[in-house]
Each structure stands twice: as C-alpha cells, then as structure tokens.
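# Commentary on secondary and tertiary structure
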Amino acid sequence: MSCNLPFYLAIPLLISACGGGGASNVGVVVAPPATPSGNSCPTAAGNISVAKNTLLKNGCVYENTFSIEESNVTLDCNGSTIDGKGLLDVGITVDSAGKPLKNVTIQNCELINHVKNGIYVGWDLADSQKIPSHTRARLYALTPQYVTIKNTTVYNALRNGIYLGEYVTSATLDNVRVLSSGHVGLYMDSATTLNTVKNSTFIGNGFAGGREAIAIDASAKNTISNNTFQQNSLAAVTLYKNCWEHHSTDPNSFPRDRKSTRLNS
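Residues numbered from 1 in each chain as written. Predicted model: local features only at pLDDT ≥ 70, side-chain atom pairs only at ≥ 80, totals over all residues. Heavy atoms only, no water.

Turning to the overall build of the protein, a few remarks are in order. A tally of helices and strands in the protein yields 2 helices and 23 strands. Looking at the protein residue by residue over its 265 residues, the buried ones come to 53%. Nonlocal contacts in the protein, meaning residues at least 24 apart in sequence, comprise 70% of its contacts between residues at least 6 apart. Just so you have it, the protein exposes about 11,600 Å², and 51% of that area is on carbon and sulfur atoms. (Helix = DSSP H or I, 4+ residues; strand = E, 2+ residues; numbered from the N terminus. Buried < 20%, exposed > 50% of the residue type's maximum accessible area, 1.4 Å probe, protein only. Contact = heavy atoms within 4.5 Å. Areas by Shrake-Rupley, 256 points an atom, 1.4 Å probe, with all protein chains shown as cover.)

By the secondary structure assignment, serine 80 is in the loop between strand S7 (73-76) and strand S8 (81-83). Here serine 80 falls in the buried class, since its relative accessible area comes to 0%. For serine 80, the residues in contact, after removing those within four places along its chain, are Leu56, Lys57, Gly59, Cys60, Tyr62, Asn108, Cys109 and Glu110.

Counting across every chain of the model gives 4 salt bridges. Note that lysine 85 is salt-bridged to glutamate 63, the shortest N-O span being 3.9 Å. Pair noted here: lysine 85 is in the loop between S8 and strand S9 (90-95) and glutamate 63 is in the loop between strand S5 (61-62) and strand S6 (65-68), with a separation of 22 residues, a long-range link. Across the pair aspartate 89 and lysine 116 runs a salt bridge whose closest N-O atoms are separated by 3.9 Å. Here lysine 116 lies in the loop between strand S11 (110-112) and strand S12 (117-122) and aspartate 89 lies in the loop between S8 and S9, a separation of 27 residues in the sequence. By relative accessible area, which is 42% here, lysine 116 ends up partly exposed. Each of Glu63, Asp83 and Lys85 takes part in one network of salt bridges that share partners. (Salt bridge = Lys/Arg side-chain N within 4 Å of Asp/Glu carboxyl O.)

Once that is clear, we can look at unusual backbone geometry. Of note, the phi angle at alanine 97 is positive, near 55 degrees, even though the residue is not glycine. Among the secondary structure elements, alanine 97 is positioned in the loop between S9 and strand S10 (102-107). In this structure, tyrosine 146 is a non-glycine residue whose phi angle is positive, near 55 degrees. Relative accessible area serves as the criterion here: at 44%, tyrosine 146 is assigned to the partly exposed category.

We now examine the pairing of S12. In terms of burial, S12 is largely enclosed, as 6 of its 6 residues are buried. The pairing of S9 with S12 spans 5 bridges and is classified as parallel. In the strand pairing of S12, aspartate 95 is matched with glycine 122. As judged from the 4 bridges shared by S12 and strand S14 (residues 160-164), these two strands associate in the parallel manner. Within S14, the position partnered with valine 121 by the bridge is leucine 164. (Pairing = 2+ DSSP bridges.)

Another aspect to go through is the packing of aromatic side chains. Using the criterion set out here, one finds 5 aromatic pairs in the structure. Centroid distance tyrosine 140 to tyrosine 167: 5.1 Å. Interplanar angle 75 degrees. Geometry classified as edge-to-face. Pair noted here: tyrosine 140 is in helix H2 (residues 136-141) and tyrosine 167 is in the loop between S14 and strand S15 (172-179), with a separation of 27 residues, a long-range link. Like tyrosine 140, the residue tyrosine 167 is buried in the burial classification. Taking 5.4 Å as the distance between ring centres and 15 degrees as the angle between the ring planes, the aromatic pair formed by phenylalanine 202 and phenylalanine 229 counts as stacked. In this pair, phenylalanine 202 is assigned in strand S18 (residues 201-203) and phenylalanine 229 in strand S21 (residues 228-230), connecting sequence segments 27 residues apart. By relative accessible area, phenylalanine 229 is classed as partly exposed at 26%. (Phe/Tyr/Trp six-rings, centres within 6.5 Å; stacked < 30°, edge-to-face > 60°.)

Turning next to the environment of leucine 139. Its place among the elements puts leucine 139 in helix H2. Taking C-alpha positions, leucine 139 is 9.8 Å from alanine 191, a pair spaced 52 residues apart along the chain. Among all residues touching leucine 139, those that are not within four sequence positions of it are Trp123, Lys130, Ile131, His134 and Tyr167.

Mapped onto the elements, asparagine 64 comes out in the loop between S5 and S6. Since its relative accessible area comes to 2%, asparagine 64 is described here as buried. A distance of 3.0 Å separates a polar atom in the side chain of asparagine 64 from the backbone oxygen of glycine 46. (Polar contact = N/O pair within 3.5 Å; in protein donor to acceptor, adjacent residues only side chain to side chain.)

This is the structure:
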C-alpha cells in the first residue's frame, strides 16, 4: 500500500492515508503552569500502586508514577502536581495487564515534564505477543474500558500528552487541558473505539515532532465535541490509518485492520 500525502480541509482537520507526517510549522510552547508552593509530599520512591479510591494531598508535588491496575478506582489528585522532572516516563498509567479493567476515574490532576506520556491507558504488551493469541472480542475485553479523565492538565510531555493504547474502549476526556506536548497531544491508537473528547483545550502541541493535537489512528466511532485548539503544529485533529510502513524494521508492528471514523464533532 502506498502512502498518500496528507491534505488539509478548510477547518484545522487533517485526513491522511498514512500517519507519521511532519510539518514545517512548529507548535508554540506554552508557559508552564505555576508550581505549587507547598513541599513535596513524603512518599515512597518510584511507582505507587493505586488499588482503591485515593485522594492525594492538595498542594503537594509528587515525583512518582501512579499505576492503576484495578477496576472501580478513582484517583483524585485534589489539585496536586505529578512532576516527572524530565526523568520519569509516565505520570499515571492505567494498565490492564491482560485482564478485564473498567470504571476508572482520574481527576483534578496536573501532570508535567514526563518523558513519554503524562497519562497512558492500555494493555502495555507488544502487539506481536497479544494479537495472534486472542480474538478481537477478547482483546477488547482484556483492555481498559470506561476510563474517565476529567478536570486535568497535562503539560510538557516530551512525546504524547495522553495515550490511549490499542483496543481501549469508551474512554472519556472531559475538561482536560493538554499543553506543549512534544508530539501528539492525545493519541488514539489502532482499534480504539467509542471514545469521547469534550470541553477540552489543546494548545501548542507538536512542537518537537511537527504533529497534531489529536491523532485518530485506525480508531472508530469517537466523539470530538466542544473543544478548543490553538497553535498546534500540524493540525487540530487528524484521521489516518498507518500503512504498516515499519513492518520490515519492527517485528512488533501489525497492520491496522480498521479505518478511522469520527462519530461527531
């Protein structure tokens, strides 16, 4: 399959046959949010597992990764900050680890300075290890469903602000601000579906990779409504399907078997 060059519509929406294109314009780097004046909260170093409803202390700065691996859990940051210091890969992960995981809420958080993603949602296992072993229905059942992210800011992730991994279903972003991501503000990977992005703001994303605010990559039936997009490098929203262009160099790469469609805008 050959890759067509992307083309622009009259609105800042890009539809492309293949992903990964760059752009000559560069997103504007947004001034960082104010750092809370309070001291860092005393916590154990490294990863913190969140197995039940958790309320963080207001005004604290946490230098940890918070991992959610259980259903029916709310992580309420209560206005505190999770700071990766340019050293931690991810601020918050929702990883099903190959078992059913649903009804997770992340709210009132500020995540800054992470190397990969401010927030990651998915089953963090290579496609080559999970796709051949499961039916499509089983893949959906073993990947996070009904994850809600609300009233949350993600700033200065060096790659993607928020990443929805393959087969994530029915995630909702409501009143989320994604600022100054190096690449994509919100990435919806292949076979994600029925996700909603509303009442949210995307500013200055794509400054390092010439990318868009929201990438919809072989992802279907999503709702994108009542959002604000400003000064993102490539476009506000792109819909595309990768061409399996890395199959010769990446053994974990699998072809996308779905088209990108957007349910509402």
